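# Fold and contact review
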Amino acid sequence: MQLNRIVAFHKTMGDPTRVRIITLLAQSGPLHGQALAGKLGVTPPTISHHLNKLKEINLVFQRRDKNTIYFHLNHKLLKEHSAALLEYVKEKHEGGAEMDKLTIEKQSVLRNFFTKDGRLKSIPAQRKKKLYVFEHLVEGLEKGRKYPEKEINEYIKNFHDDFATIRREFIINHYMYRENNIYELNPKEMWAKIES
């Protein structure tokens, strides 16, 4: 399953009311909107809003029985998406414990070099730590978007005042490509490699 479909599914499911609706439908079977609203202690318009979101990802479908519309859980889709996330993580998790070690190490470096409000305290001297920091900074930039130099400077200034050094490091370490003072993110495969 494509990553964007997995993300869309989990983004929609990232709401407690929607999780509770799915749980109720899984436990009780099909229910009408009024019953869902009553069981969850929310208004019918709130239930309608959340059901519409769940219908957009085909996790819930409706069937009319005389004058009442019942909402059904798409059990098959729920299982598919649960399995898809596990499969995707398994595929991308090459290296197992080594990957975990790198992730833990990166988080430690970011905690040490960034303030709680996201400002970079100082540019690390050690190359590996420096790359962790720069990788973290470029994660906020959009792939495929062209940035004028002034815009890149303003973006970097959100994190650190020495925008010229960091901007130069973005180029040196192949995070970005520059032509005529226009900057664009390179594919991740081109970024400087962080040695384990």
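Residues numbered from 1 in each chain as written. Predicted model: local features only at pLDDT ≥ 70, side-chain atom pairs only at ≥ 80, totals over all residues. Heavy atoms only, no water.

With that settled, consider the nonpolar core. Core analysis: the largest hydrophobic core is formed by 26 residues, its most contacted members being Phe 114, Val 133, Leu 137, Leu 141, Phe 170, Tyr 175 and Met 176. Of all the secondary structure elements, the ones that give two or more residues to this core are helix 6 (97-113), helix 7 (127-138), helix 8 (149-157), helix 9 (163-172) and strand 6 (182-185). The dominant element in this core, judged by the number of residues it contributes, is helix 7, at six residues. Dropping the residues within four chain positions of it, Phe 114 is found in contact with Arg 119, Leu 120, Lys 121, Val 133, His 136, Leu 137 and Phe 159. (Core = buried A, V, L, I, M, F, W, Y, C linked by side-chain atoms within 4.5 Å. Buried < 20%, exposed > 50% of the residue type's maximum accessible area, 1.4 Å probe, protein only. Helix = DSSP H or I, 4+ residues; strand = E, 2+ residues; numbered from the N terminus. Contact = heavy atoms within 4.5 Å.)

With that out of the way, let us pick up the sheet that holds strand 6. Spatially, three strands are ordered 4-6-5 in an open sheet, and the strand pairing comes out antiparallel. Two strands lie at the open edges of the sheet, namely strand 4 (147-148) and strand 5 (176-179), each paired on one side alone. As paired elements, strand 5 and strand 6 share four bridges and run antiparallel to each other. Its bridge partner lying in strand 6, Tyr 177 is registered against Glu 184. Against the sheet, helix 9 engages strand 5 and strand 6, with an angle of about 100° to strand 5. (Pairing = 2+ DSSP bridges. Axes fitted to C-alpha atoms, helices over the stretch in contact; angles between N-to-C directions.)

Where strands meet in a sheet, backbone hydrogen bonds hold them as pairs that are either parallel or antiparallel. Within the open sheet, the three strands sit side by side as 1-3-2. Their pairing is antiparallel. Each having just a single partner strand, strand 1 (31-32) and strand 2 (60-65) make up the two edges of the open sheet. Both strand 1 and strand 3 (residues 68-73) contribute to a ladder of two bridges, which runs antiparallel. In the sheet register, His 32 faces strand 3, and the bridge partner there is Tyr 70. Where helix 4 (residues 44-56) meets the sheet, its contacts fall on strand 2 and strand 3, and the angle it forms with strand 2 comes to roughly 115°.

Right, let's get into the side chain of Asn 153. Take Asn 153: it is sitting in helix 8. The exposure class assigned to Asn 153 is buried, which follows from its relative accessible area of 11%. Among the polar contacts made by the side chain of Asn 153, one reaches the side chain of Arg 167 at a distance of 2.8 Å. Setting aside chain neighbours within four positions, we find Asn 153 in contact with Phe 163 and Arg 167. (Polar contact = N/O pair within 3.5 Å; in protein donor to acceptor, adjacent residues only side chain to side chain.)

It is worth spelling out the environment of Leu 77 at this point. If you trace the backbone, Leu 77 turns up in helix 5 (residues 75-92). Since its relative accessible area comes to 11%, Leu 77 is described here as buried. Separated by 60 residues in the primary sequence, Leu 77 and Thr 17 have C-alpha atoms spaced 19 Å apart. Setting aside its immediate chain neighbours within four residues, Leu 77 contacts Ile 57, Asn 58 and Leu 59.

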